[in-house]
Amino acid sequence: MTNKSKPIISLKDVSKTYGSGHSKVDALTNVSFSIHAGDLILIKGPSGSGKTTLLTILGLLLSPTRGKLLLGDRLDTSVSTPAAASYRLNTIGFIFQSFNLMDSLNAWENVALPNIISKKAKKKAKARAFELLDSLNMKKRAEHFPNQLSGGEKQKVAVARALINNPQIILADEPTANLDSKTGATIVTTLCEIACRDNRAVVIVSHDERIEKAVKRIISIEDGKLIHETVGGHDNYCQHNHL
Ligand SMILES: Nc1ncnc2c1ncn2[C@@H]1O[C@H](COP(=O)(O)OP(=O)(O)O)[C@@H](O)[C@H]1O
Ligand SMILES: [Mg+2]
């Protein structure tokens, strides 16, 4: 797909090998692609094909074994530099399959956490957390703790948390896997709207075939290799806006 804007993130021949000797696993081999503002990408492939590894590298939570990562104008090959940490905090929002909420914090505190780390005033962070929760119909649950929330509600808190620093790119690893199909559809619709409305990039890893209808780009991965890229049903979806 051609896109003339500058990519937010590019991967160039990225490979990842876990372990060594007999336990060596080549999880990714020579993967190259770019993500631009407004992109809405589904990454699909069988279990063990390297999807989570790819998303974790895109999220700068894991360094590639070989290859390059281009962040805006800068080349970065290590996730442990201060520049990479700052990029991660301000540019990337991550949504995990297992929600990853802090049990000791209530919903709005979980949402506000990345904002408090970035030293914005706590009061402002709280107001923004409430605003985001409200936009996901979660205002009434703002003071509830994770163990008082359903799976879908927890995932909405995780979505709000991923959005609080207004990231340019949102990465979601199987965000609907632990949800019933109706709640999963709400989460996917929300993610797709974010890309449509706010011109951010959204990358979703999923087995959920319904997502193919909503996205712009479908990247298929098998055995750690990018097999092909196809066009999703996004244009049609945007007009009807439902799954
Ligand atoms: N931390 C790790 N250490 C060793 N091997 C791993 C690790 N994480 C993933 N793998 C292996 O890498 C391959 C790709 O895994 P993963 O990226 O989780 O795939 P997917 O998300 O598509 O299921 C699998 O063979 C998996 O067993
Ligand atoms: Mg995975």
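Residues numbered from 1 in each chain as written. Chains lettered and ligands numbered in written order. Predicted model: local features only at pLDDT ≥ 70, side-chain atom pairs only at ≥ 80, totals over all residues. Heavy atoms only, no water.

(A) Expanded view of the packing of helix α5 (residues 151-163) against helix α6 (residues 181-198). One way to put it is that α5 packs onto α6 with a least axis distance of 10 Å and a crossing angle of 15 degrees. One way to sum up the angle between α5 and α6 is to call them roughly parallel. Of the two possible hands of crossing, α5 and α6 adopt the one that is right-handed. Seen from α5, the contacting residues are G152, Q155, K156, V159 and L163; seen from α6, they are T183, T186, I187, T190 and I194. Class assignment of the residues belonging to the contact of α5 with α6 gives a composition of four nonpolar, five polar and one charged. (Axes fitted to C-alpha atoms, helices over the stretch in contact; angles between N-to-C directions. Helix = DSSP H or I, 4+ residues; strand = E, 2+ residues; numbered from the N terminus. Parallel < 35°, antiparallel > 145°, perpendicular 65-115°, else oblique. Left-handed = near helix turned anticlockwise from the far one by under 90°. Contact = heavy atoms within 4.5 Å. Nonpolar A, V, L, I, M, F, W, Y, C, P; charged D, E, K, R; others polar.)

(B) Highlighting the sheet that holds strand β8 (residues 201-205). The strand order across the open sheet formed by six strands is β6-β7-β8-β3-β9-β10, and the pairing between neighbours is mixed. Of all the strands in the sheet, just β6 (92-95) and β10 (225-231) have a single pairing partner and so form its edges. Strand-to-strand twist of the sheet, defined as the mean angle between neighbouring strand axes without regard to direction, takes the value 15 degrees. The pairing of strand β9 (residues 217-222) with β10 spans six bridges and is antiparallel. (Pairing = 2+ DSSP bridges.)

(C) Spatial organisation of the site of ligand 1. Taken together, the neighbourhood of ligand 1 is formed by Y18, V25, A27, P46, S47, G48, S49, G50, K51, T52 and T53. Within the contact set of ligand 1, an oxygen atom lies 2.7 Å away from a backbone nitrogen or oxygen of G48. A distance of 2.8 Å is found between an oxygen atom of ligand 1 and a side-chain nitrogen or oxygen belonging to K51. Its free accessible area being 560 Å², ligand 1 has 59% of it covered by the protein chains. Among the secondary structure elements, those contributing two or more residues to the shell around ligand 1 are β2 (25-35) and α1 (51-58). (Near = heavy atom within 4 Å. Polar contact = N/O pair within 3.5 Å; in protein donor to acceptor, adjacent residues only side chain to side chain. Areas by Shrake-Rupley, 256 points an atom, 1.4 Å probe, with all protein chains shown as cover.)

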